[in-house]
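# Coordinate inspection notes
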Amino acid sequence: MTEFIIASNNQGKVRELDRILNPLGVTAVTAKSKGITLDDVEETGTTFAQNAELKARAAFERTGMPSIADDSGLSVDALGGEPGIYSARYAGEGADDAQRIAKLLKNLEGVPAQKRTAHFTSSICCIIDENTIVRAEGKCYGVIADSPKGDGGFGYDPVFLMDDGRTFAQLSPEEKDGVSHRGRALKELYAQLGKILSNK
């Protein structure tokens with residue numbers, strides 16, 4: 001197995017990446033598990049893709065190992081695209097998922113269901129070596145629910161409704177992989193990495 005550093009402390013992301021990359025012979029590990037501390041990266045990019053590359057580059061330079069970073073978030077049409085690239089910091093530094101969801105729902109008070117459209121974006125950057133960078137992006141469209149539903153997932157999953165009336169938090173991990181923004185981005189990444197790794 002080849003180990004790839006996942007430039008995130010979000011265990012939900014690490015588990016998803018490991019589950020999807022495993023068939024390629026890749027094990028997703030955190031820098032912490034290797035005894036390496038990654039400094040916080042200032043996300044100065046204006047897009048998910050730019051921030052993903054900043055994080056992947058920092059992890060690669062710190063560890064010297066192949067590194068993957070994901071920058072993802074929720075964009076709500078009625079809020080002008082908020083929280084967008086600020087999804088993780090929407091309710092302030094140190095806030096948890098429940099607090100971020102609470103702020104989102106408060107800001108959507110009075111907005112009718114048909115105008116609560118939103119989409120998730122996941123941009124992934126994988127730096128294998130100095131000359132090999134792989135980028136992928138996926139999106140998933142839905143509607144913001146009036147209240148959280150489901151015990152699975154993480155982040156804004158409990159309020160992101162799909163066409164079948166279930167939220168992301170009500171899906172099994174396998175179901176979520178098949179339809180989510182990150183699942184779609186990883187499918188694209190998987191295809192690109194498969195070709196690259198088979199030639200190395």
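Structural data are supplied above this passage.
Anyway, here's the lowdown on the structure attached to this text. What you are looking at is a predicted structure, and each value in this text was computed from that prediction instead of being measured. (Residues numbered from 1 in each chain as written. Predicted model: local features only at pLDDT ≥ 70, side-chain atom pairs only at ≥ 80, totals over all residues. Heavy atoms only, no water.)

## Comments concerning the overall build of the protein
For clarity, the threshold we go by: Only DSSP runs of H or I covering at least 4 residues are called helices, and only runs of E covering at least 2 are called strands; the numbering of each starts at the N terminus. Residue exposure (1.4 Å probe, protein chains only): buried if accessible area is under 20% of the type maximum, exposed if over 50%, otherwise partly exposed. In this description, contact between two residues means that some pair of their heavy atoms is separated by no more than 4.5 Å. Note that accessible areas follow from Shrake-Rupley with a 1.4 Å probe, and for residues the cover is restricted to the protein chains shown. Charged residues are defined narrowly, with Lys and Arg counted positive, Asp and Glu counted negative, and His plus the chain ends left uncounted. Where a charge sits is defined by one atom per residue type, namely NZ (Lys), CZ (Arg), CG (Asp) or CD (Glu).
Counting its secondary structure elements, the protein contains 5 helices and 6 strands. Element order for the protein, N to C, with α for helix and β for strand: β-α-β-α-β-α-β-β-β-α-α. Dimensions of the protein, computed from C-alpha atoms along their principal axes, come out at roughly 55 × 30 × 25 Å. Evaluated residue by residue, the protein yields a buried proportion of 46% over its 200 residues. In the protein, of all internal contacts separated by at least 6 residues, the share reaching a separation of at least 24 is 61%. Put simply, the protein shows about 10000 Å² of open surface, and 48% of that area lies on carbon and sulfur atoms. Looking at the protein, you have 24 positive and 29 negative side-chain charges, and the mean spots of the two groups are 1 Å apart.

## Re empty space enclosed by the protein
Worth spelling out the cut-off: Think of a 1 Å grid over just the protein atoms. A cavity is a set of points where a 1.4 Å probe fits yet cannot get out, a pocket is an open set with protein on both sides within 12 Å along at least five of seven lines, and lining residues have an atom within 4 Å of a point. Grid points are joined across faces, edges and corners, and a volume is the space filled by probe spheres set on the points. Gly falls in the polar group here, along with every residue not listed as nonpolar (Ala, Val, Leu, Ile, Met, Phe, Trp, Tyr, Cys, Pro) or charged (Asp, Glu, Lys, Arg).
Enumeration over the complete set of coordinates arrives at 1 cavity of 30 Å³ or more. Here the largest cavity defines a volume of roughly 30 Å³. Lining the largest cavity, in full, are I6, A7, S8, K13, L17, I68, A69 and D70. At the level of secondary structure, the elements contributing two or more residues to the lining of the largest cavity comprise α1 (11–21) and β3 (67–76). Class assignment of the residues belonging to the lining of the largest cavity gives a composition of 5 nonpolar, 1 polar and 2 charged.

## A few points about helix α3 (residues 97–107)
Note the threshold: Think of it as the arc spanned by the lines of direction from the helix axis to the C-beta atoms.
When α3 is considered as a whole, its buried residues turn out to be R100, I101, L104 and L105. Taken down its axis, α3 places every buried residue within 130 degrees of arc, on the same side. Facing away from the buried side of α3 by more than 90 degrees, the exposed set consists of A98 and K106. Residues of α3 that are buried in the fold lie against β3 and β5 (132–144).

## As for the side chain of S123
Relative to the helices and strands, S123 is located in strand β4 (residues 117–129). Residue S123 is classed as buried on the basis of its relative accessible area, which comes to 2%. With residues near it in sequence (within four places) discarded, S123 still touches F48, A49, A52, A69, D70, D71, A136 and E137.

## Looking at the packing of α1 against helix α5 (residues 181–198)
The test is simple: Between N-to-C directions, angles span 0 to 180 degrees; the directions come from axes that are lines fitted to C-alpha atoms, helices contributing only their stretch in contact. Here the word oblique covers every angle except those under 35 degrees (roughly parallel), over 145 (roughly antiparallel) and from 65 to 115 (roughly perpendicular). Crossings are sorted by hand: turned counterclockwise from the far helix by less than a right angle, the near helix makes the crossing left-handed, and turned clockwise it makes it right-handed.
Between α1 and α5, the shortest axis-to-axis distance is 10 Å and the interhelical angle comes to 40 degrees. Classified by the angle their axes make, α1 and α5 are oblique. For α1 against α5, the interelement crossing comes out right-handed. Mapping the contact onto sequence places K13, E16, L17, I20 and L21 in α1 and R182, L186, L189, Y190 and L193 in α5. Counted by class, the contact of α1 with α5 contains 7 nonpolar, no polar and 3 charged residues.

## What about the side chain of S122?
Filter applied, for reference: Polar contacts, as used here, are pairs of N or O atoms within 3.5 Å; protein pairs need one atom able to donate a hydrogen and one able to accept it. Residues neighboring in sequence count only if both atoms are side-chain atoms.
The residue S122 is located in strand β4 in this model. Polar contacts involving the side chain of S122 include one to the side chain of D70, which spans 2.6 Å.

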